[in-house]
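So you can see what is in the structure, the chains are spelled out below.
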Amino acid sequence: MKKGQIIEGVVERFDFPNKGIVVCEEGVCTVKNALPGQKVRASVNKARNGRYEGRLLEVLAPSPLEQQVPCPHFGSCGGCTHLSFPYEESLAIKEGQVRRLLDPVLAAQERMCRFEQIKGSPEIFGYRNKMEFTFGDEVKEGPLALGMHRRGSFYDIVSVTDCQIVDEDYRKILRLVLDYFTALKEQGVAVSFYHRLRHTGYLRHLVVRKAKATGEILVALVTTTQWPEKTDRDAEEGRRTEKDGMFGQKTADVRDMLDGLKERLLSLSLDGEIVGILHVKNDSLADVVQSDETVVLYGRDHFFEELLGLKFRVSLFSFFQTNSLGAELLYQTAREYISEMAAEQVQGRVVYDLYSGTGTIAQMLAPAAKKVIGVEIVEEAVLSAQENAALNGLHNCEFIAGDVLKVLDEITEKPDVIVLDPPRDGVHPKALQKIIAYGVEYILYISCKASSLARDLAVFIERGYEAVRCVPIDQFPWTTGVETICLLKKKDGGYS
């Protein structure tokens, strides 16, 4: 194969996270988002050392496993990948991906790991408790759009007004916000979305979070501070307020606009209840949802969710599993692994919960442990964890804000058990060596990226640990994401 060559072939398998392995006359080529069993046409865009990667051009024939798709945005929206397959087949794809990554690593250890069948999500539609929608346009200079990035595009946005992985409350809120700003533009208000290349514009994101147990909803409008010009004359005169550094802005204009949006949101008929409406100002050049300043327009800046009998205060930017019922399954499984293999290790002992987020795992272990120490780099999440522990009457939890790599050098109490739930990139190599150096008998690793888990497992095995039990869990139905829980035991500690 040569770069630029057009190939046709059938997808033999689907490797993590979204790599279709296409077999054609010329050889084997990796094509993103090409699904197992499909016959596809692709353009080769990388050819190096006998390895080839291609860009999907067209699906010539569907997979025999594909069925009618329940979402009109499938294929154009970049969110869901497996939605045209039966859910059981989607689960089989994910389990196969995890196995292909972990099996070669686990083969290096002396004892066989108990690899369990993947666990499916309790709900497969309407399961998400958080969505970050982006403002933009579907085509250049097209009408305002609000939704998800078009598959394979950094700039084009698809208005996902009928998205199926959220419930109807999300869809109603999205439609209202999109209609509101579209109407403002039609009335002559020069409100525009933030252009990622020009770094100009006002509207950036709409964030919606909804608790599954309580039904409480947070809505946040994320904008720049570049409030648009009201008239061409204002723009030509270049009038600037020293306070805000914006052209043609009148404070009342912003307040009226936000008040109008707030009142319309509160008038919506929803199954849940809006408990907070926020205005988040973000002038970062990066296309990320973050806050330079957050203003509460209505209610409060957090909502309450309940998992496994515990209550959690969740703010807009707090890390919290995006599938509440799936999170219960995940944490129930984690608790089962610990109680079955290492109950005596937790009872009355010190547990480290590293990358602890809002402290969910720490609080599950706290009733049995002497003390649980959580470490999390996001300060807001640490504050939430502290409040959540107090809310649940747990007084043996300590949460520390900081980088795990640095904080481990500062904690004086040594752990008896370690729980790891790192971000997608896994554990920092230097932090991994510090964790191994504690020599604890049991380590529970919860991973949201199987390739990172495979890399870190290889280090654990090389340094004297063995994986004794492992299971994938589908926290993100129809997408390429999958969680994996792995229990590690020090080899010289014996086996239960």
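The coordinates are above.
Residues numbered from 1 in each chain as written. Predicted model: local features only at pLDDT ≥ 70, side-chain atom pairs only at ≥ 80, totals over all residues. Heavy atoms only, no water.

Time to look at empty space enclosed by the protein. The final tally for this structure, using the stated rule, is two cavities of 30 Å³ or more. By volume, the largest cavity is sized at about 70 Å³. Lining the largest cavity are F319, Y331, D353, Y355, S356, G357, T358, G359, T360, I361 and D421. When its residues are assigned to classes, the lining of the largest cavity shows four nonpolar, five polar and two charged. There is about 40 Å³ of room inside the second largest cavity. At the level of secondary structure, the elements contributing two or more residues to the lining of the second largest cavity comprise β11 (216-223), α4 (251-266) and β12 (273-281). Split into classes, the residues belonging to the lining of the second largest cavity amount to 10 nonpolar, no polar and one charged. (1 Å grid on protein atoms, 1.4 Å probe; cavity = no way out; pocket = protein on both sides within 12 Å on 5 of 7 lines; lining within 4 Å. Points joined across faces, edges and corners; volume = space filled by probe spheres on them. Nonpolar A, V, L, I, M, F, W, Y, C, P; charged D, E, K, R; others polar. Helix = DSSP H or I, 4+ residues; strand = E, 2+ residues; numbered from the N terminus.)

Let us now look at helix α9 (residues 429-437). An α-helical turn contains 3.6 residues, so any two residues separated by three or four positions project in the same direction. Within the sequence span of α9, burial applies to A431, L432, I435 and I436. Angular distribution of buried residues about the axis of α9 spans 140°; they occupy a single face of the element. Looking at α9, the residues exposed on the side facing more than 90 degrees away from the buried face are K430 and A437. Close packing links the buried residues of α9 with β16 (350-354), α8 (404-407), β19 (417-420), β20 (442-447), α10 (450-462) and β21 (465-473). (Buried < 20%, exposed > 50% of the residue type's maximum accessible area, 1.4 Å probe, protein only. Arc of directions from axis to C-beta. Contact = heavy atoms within 4.5 Å.)

On to the packing of α9 against α10, then. Running from N to C, α9 and α10 point in directions that differ by 40°, and their axes come no closer than 11 Å. With respect to their mutual orientation, α9 and α10 come out oblique. In this structure, α9 meets α10 at a crossing whose hand is right-handed. Contact residues: L432, Q433 and I436 in α9; D456, V459 and F460 in α10. In the contact of α9 with α10, the residues fall into four nonpolar, one polar and one charged. (Axes fitted to C-alpha atoms, helices over the stretch in contact; angles between N-to-C directions. Parallel < 35°, antiparallel > 145°, perpendicular 65-115°, else oblique. Left-handed = near helix turned anticlockwise from the far one by under 90°.)

Now for the layout of surface pockets. Considering only enclosed or pocket space, the second largest pocket measures out at about 1,000 Å³ in volume. Lining the second largest pocket are 34 residues, and of these N18, V31, K32, N33 and G54 sit closest to its centre. Those elements that place two or more of their residues in the lining of the second largest pocket are β1 (6-15), β2 (19-24), β3 (27-32), β4 (39-48) and β5 (51-61). A class-by-class count of the residues in the lining of the second largest pocket yields 11 nonpolar, 12 polar and 11 charged.

Their axes nearest at 9 Å, the elements helix α1 (residues 87-106) and α10 cross at an angle of 10°. Taken together, α1 and α10 sit at an angle that is classed as roughly parallel. Facing V98, L101, L102, V105 and L106 of α1, the residues of α10 in contact are A450, S451, L453, A454, L457, A458 and I461.

All we've got here are geometric facts, nothing functional implied.
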